[in-house]
Structure formats: structure tokens, C-alpha cells
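Here is what each chain is made of, one letter per residue.
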Amino acid sequence: MKSKSVLFVGCGDLGARAGQLLLAQGWQVAGARRDSSRLPAGFSGFDADYAVDGSLEFIARMQPDYVVTTFNPTERSVAGYEAGFHLATANLLAALDAHHPRHIIAVSSTRVFAERDGGWVDESSPLSEEDPRAVAMIRAEQLLLNSGHNASVVRFAGIYGTPGGRLLSRIKTGQLCPAQPPRYGNRIHRDDCARFLTHLLQRADAGAMVQPVYIGVDDRPAPQFEV
């Protein structure tokens, strides 16, 4: 039986973690990043900058069964978000040419939601029209979902688990939020992110339903003071 193949584009920490889980299950795993020498053992590596036109042209020749994108802004400006998400998605779709993977999964963020007052949010909640960085991400999502490919977007919230991560750094410097009024946060551990991505790939491979949009988050919102 031919083994299944997956390509992680922008293969950083999440792609490496998810890919290693799939490697252990017998999948062929490839990663594309600017320095492919940093990929885990067992990955096929491609040096590529997804924000540069033509850098992903190898994908049409490779013809992976599945593609997962873990894009990031090229810089923190609005232009950096536009290049790192919308332009990168356009480059990916152009690089696929006539090849249609069985499924494409794009990692996004709950930043795209319009809600800012602590209200409940689900996958159908209104999207931001005021945050230009969020709008750049939304444009990327819509470009993929309207491309004619089988595709899904996973909007992760507050990824944690990195030693020395931003939350721990803030705590160490005494930047604690007050207990009152309560400010709720939504988070998910990076290992759970990786497992969720592999879960969706396994569902797609089994022919099961994969929704176009998911929120990737722990089960229970918690006050930031408590966290």
C-alpha cells in the first residue's frame, strides 16, 4: 500500500510536532521552510520562503496527498501580515497548479473574530473589519476556502507550552492582570495543536467529514488571573 504524503509549508514548531506524529504512523512527511536543515530527522526538506513568488513551485512536481500551512507574518506591520498570510496563500495556490491535494489545512488565529467584549464565540461568529492585521488573515482564509480545493482553516487561540514563552515571561517580570474585573482567556497547548492537526488529516484520509472552519482551543475559558 502506498504511504500517505503530507507537506507542511512554513514548517516551524507546530509542523514539526504534527509531522513527527505522522512519521510514527508511517506517513511520508515533508517540510518547507527557509532553512530546511532545521527540520526533524525523517522529514524531506525544501528550502523555500512562502512569501516570495515562485518559491513553492516544487509542490506541483511533488504532488503531496495533503498540505498543511503554518504561516506567520513576515514582520509585525500590516504589510507583514498581508505578505505572510494572503500573499503566501496565493503563492501556494499558484504553485499547486493543476494538482489538487486530498485536503489542505491552514493554521489561522482567533484574532480574526470581531468579538472584543468577552462574549461567546463559535466558528460562525462575525469576523473583524477593524483590525487590519486580522483582515489580512481573513483574506487569506477566504482565498483558500473559495479556491475550489478541499480545505479547512483552524483558528488556534493562545498557543502555549514553549519554554520562556510570552506568558511566562510576563509573569516573571511581574506583569500580572488584576483579579477584578475578570478578563477571560482561551488557550491551547502546542502538543494539542499538533494532535488536532493530525486528527483532521486522519479524518480526511478516512473519508470522514472535515468542516471548513474550526476553533482550536482548550475546553474551558478561564480568567487570566487564574491562569
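The model shown is predicted, which means the values in this text are computed figures rather than measured ones.

## Section: the overall build of the protein
In step 1: For the protein, the helix and strand inventory stands at 6 helices and 11 strands.
In step 2: Along the three orthogonal principal directions, the C-alpha set of the protein runs to about 55 × 35 × 35 Å.
In step 3: Per-residue burial for the protein yields a buried fraction of 43% across its 227 residues.
In step 4: When contacts within the protein are restricted to residue pairs at least 6 apart in sequence, long-range pairs at least 24 apart make up 69% of them.
In step 5: Approximately 12200 Å² of the protein is accessible, and the part contributed by carbon and sulfur atoms is 49%.
In step 6: Positive and negative side-chain charges of the protein, numbering 23 and 24 respectively, have mean locations separated by a distance of 6 Å.

## With respect to the nonpolar core
In step 1: Within the largest apolar cluster, 31 residues are counted, with the highest numbers of intra-cluster contacts made by Val-9, Leu-56, Ile-59 and Leu-92.
In step 2: Elements supplying a minimum of two residues to this core: β1 (5–9), β2 (28–33), α2 (58–62), α3 (78–96), β5 (103–109), α4 (132–145) and β6 (151–156).
In step 3: No other element matches the 7 residues that α3 contributes to this core.
In step 4: Beyond its immediate stretch of four places on either side in the chain, Ile-59 contacts Leu-7, Val-9, Pro-64, Leu-92, Ala-95 and Leu-96.
In step 5: Formed by 25 residues, the second largest nonpolar core is a distinct cluster that contains Phe-8, Leu-22, Ala-194 and Tyr-214.

## Examining the packing of aromatic side chains
How two aromatic rings sit relative to each other is set out by the distance from centre to centre and by the angle between their planes.
In step 1: Using the criterion set out here, one finds 5 aromatic pairs in the structure.
In step 2: Judged by centre distance (4.2 Å) and plane angle (10 degrees), the ring pair of Phe-46 and Phe-58 falls under stacked. Within this pair, whereas Phe-46 is found in strand β3 (residues 44–47), its partner Phe-58 is found in helix α2, the two being separated by 12 residues in sequence.
In step 3: Judged by centre distance (4.5 Å) and plane angle (45 degrees), the rings of Tyr-50 and Phe-71 are tilted. Here Tyr-50 is found in the loop between β3 and α2, whereas its partner Phe-71 is found in the loop between β4 (66–69) and α3, with 21 residues between them in sequence.
In step 4: Using a relative accessible area of 13% as the deciding quantity, one classes Tyr-50 as buried.
In step 5: Residue classification places Phe-71 among the buried positions, given a relative accessible area of 8%.

## Here we look at the pattern of salt bridges
In step 1: By the definition in use, this model includes 10 salt bridges.
In step 2: The residue Lys-4 makes a salt bridge to Asp-205 at a minimum N-O spacing of 3.7 Å. Of this pair, Lys-4 sits in the segment before β1 while Asp-205 sits in helix α6 (residues 190–205), and the two are 201 residues apart along the sequence.
In step 3: Residue class for Asp-205 comes out partly exposed when judged on its relative accessible area of 22%.

## Structural notes on the state of the cysteines
Formally, a disulfide is one covalent bond, and it connects the sulfur atom of one cysteine to the sulfur atom of another.
In step 1: One pass over the full model with this rule turns up 0 disulfides.
In step 2: Not engaged in a disulfide, the cysteine Cys-11 finds its nearest cysteine sulfur in Cys-193; these two sulfurs lie 14 Å apart.
In step 3: For Cys-193, a relative accessible area of 0% corresponds to the buried category.

## As for the side chain of Ser-36
In step 1: Turning to its location among the elements, Ser-36 is positioned in the loop between β2 and β3.
In step 2: On the accessibility criterion, Ser-36 (18% relative accessible area) is buried.
In step 3: Here Asp-47 takes part through its side chain, which lies 2.7 Å from a polar atom of the side chain of Ser-36.
In step 4: Beyond its immediate stretch of four places on either side in the chain, Ser-36 contacts Gly-45, Phe-46 and Asp-47.

Rules used in this analysis
Residues numbered from 1 in each chain as written. Predicted model: local features only at pLDDT ≥ 70, side-chain atom pairs only at ≥ 80, totals over all residues. Heavy atoms only, no water. Helix = DSSP H or I, 4+ residues; strand = E, 2+ residues; numbered from the N terminus. Buried < 20%, exposed > 50% of the residue type's maximum accessible area, 1.4 Å probe, protein only. Contact = heavy atoms within 4.5 Å. Areas by Shrake-Rupley, 256 points an atom, 1.4 Å probe, with all protein chains shown as cover. Lys, Arg positive; Asp, Glu negative; His and termini not counted. Charge placed at Lys NZ, Arg CZ, Asp CG, Glu CD. Core = buried A, V, L, I, M, F, W, Y, C linked by side-chain atoms within 4.5 Å. Phe/Tyr/Trp six-rings, centres within 6.5 Å; stacked < 30°, edge-to-face > 60°. Salt bridge = Lys/Arg side-chain N within 4 Å of Asp/Glu carboxyl O. Disulfide = S-S within 2.5 Å. Polar contact = N/O pair within 3.5 Å; in protein donor to acceptor, adjacent residues only side chain to side chain.

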